[in-house]
Every structure is written in structure tokens, then in C-alpha cells.
Amino acid sequence: MTPLFGQAYQRARLSNSKEEFAKSREATSAVMAWGSSLAGSALQSYGIGALINATGTLSYRGAAYLGGLIFAATSAPGFISELFVEKRAFETVGINVLAKLFETVGLSVFLTWWGTRTNPFE
């Protein structure tokens, strides 16, 4: 469990009671990190779903194109900057690009497969 929760898990094991752990700095930071990550993922899913509905995308190919456009608009400039301005290692930037592609293209294709409401008033 330590790789997943980090210092918060170690602090919980060492604390004498639940109340002592709940008041600790590690617990507060873990809750904030997990909460903000969950909220960010929810907003990203809602935004991509709204774009799928607004554009009327029905095919996987269209969803992949839409995800690619979202990637190009939001992430590509940062990765180009990391490569050429900050001169980071190509492997590191490549892994980050792959992860972001899964986030954008993968999420849009998944939401197309799952299905989104085209008209919420029907």
C-alpha cells in the first residue's frame, strides 16, 4: 500500500489512533491530492463529453480526431517547450506524451464507446 499512498500510509501505521492520524499533516495532504485529482478527472471527462455531444461525434474515428485536437491544443505546446527549450530527455518527454495521449484520445474514444446523451432534454 505504501507506493499508492506514500507517507500517509506510513503515518497511519505508526499512529496510535484514528483521530491522531486524521489530524496529521500527511492525512490532510493525501486527502487534498486525491480530491483534486478526482475533481480534475471529473471536469476533464465532462468537458470531453460535452465536446463529443456538441460536435455530434458518433464514430470512433471522429472521437480519435477530437481527442487528437484536444491534445494538440492543450498539451503539445508544453511538450515542444520541454524538448527544445528545457532540453529534457526525449524518453521522459515521450512517456509524458504517451500518457497525455491516453488521457485525451483514449478518454474521447472511451466516452464514445460508453455513450453520451446527445440531448439531455429528451
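Conventions used here
- Residues numbered from 1 in each chain as written.
- Predicted model: local features only at pLDDT ≥ 70, side-chain atom pairs only at ≥ 80, totals over all residues.
- Heavy atoms only, no water.
- Helix = DSSP H or I, 4+ residues; strand = E, 2+ residues; numbered from the N terminus.
- Expected span 1.5 Å × (residues − 1).
- Bend = angle between axes of the 7 residues up to and from the residue.
- Buried < 20%, exposed > 50% of the residue type's maximum accessible area, 1.4 Å probe, protein only.
- Axes fitted to C-alpha atoms, helices over the stretch in contact; angles between N-to-C directions.
- Parallel < 35°, antiparallel > 145°, perpendicular 65-115°, else oblique.
- Contact = heavy atoms within 4.5 Å.
- Arc of directions from axis to C-beta.
- Core = buried A, V, L, I, M, F, W, Y, C linked by side-chain atoms within 4.5 Å.

*Asks:* Any chance you could explain helix 7 (residues 90–114) here in plain terms?
*Replies:* Quick reminder: α-helices carry 3.6 residues per turn. Residues three or four places apart thus point the same way. Over its 25 residues, helix 7 runs 34 Å from end to end, which matches the ideal 36 Å to within 8%, given 1.5 Å per residue. Of all the bends in helix 7, the largest measures some 30 degrees and sits at glycine 106. Residues of helix 7 that are buried include every one of Val93, Thr104, Leu107, Ser108, Leu111 and Thr112, and no others. Downstream of helix 7 by a residue or two, glycine 115 has a phi angle that is positive, lying close to 100 degrees.

*Asks:* Teacher, can you tell me more about the packing of helix 6 (residues 76–84) against helix 7 here?
*Replies:* Helix-helix packing is characterised by the crossing angle of the two axes and by the distance between the axes. Here helix 6 crosses helix 7 at 175 degrees, and the two axes come no closer than 10 Å. If you check the angle between helix 6 and helix 7, you find them roughly antiparallel. Of the residues in helix 7, those touching helix 6 at Phe79, Glu82 and Leu83 are Phe90, Val93, Asn96, Val97 and Lys100.

*Asks:* Would you take a moment to explain helix 5 (residues 60–74) for this structure?
*Replies:* In a regular helix each residue adds 1.5 Å, so 15 residues correspond to 21 Å; helix 5 covers 21 Å between its end C-alpha atoms and thus fits that length. Every buried residue of helix 5 is listed here: Ala63, Leu66, Gly67, Ile70 and Phe71. End-on view of helix 5: buried residues confined to an arc of 140 degrees, all on one side of the axis. Counted as exposed and oriented over 90 degrees from the buried face of helix 5: Arg61, Tyr65, Leu69 and Ala73.

*Asks:* For this particular structure, what's the right way to read the nonpolar core?
*Replies:* The biggest cluster of nonpolar side chains holds six residues, and these are Ile48, Ile52, Leu66, Ile70, Leu107 and Leu111. Elements with a contribution of two residues or more to this core: helix 4 (25–55), helix 5 and helix 7. Discounting chain neighbours no more than four positions away, the residues touching leucine 111 are Ser45, Ile48, Gly49, Ile52 and Thr116.

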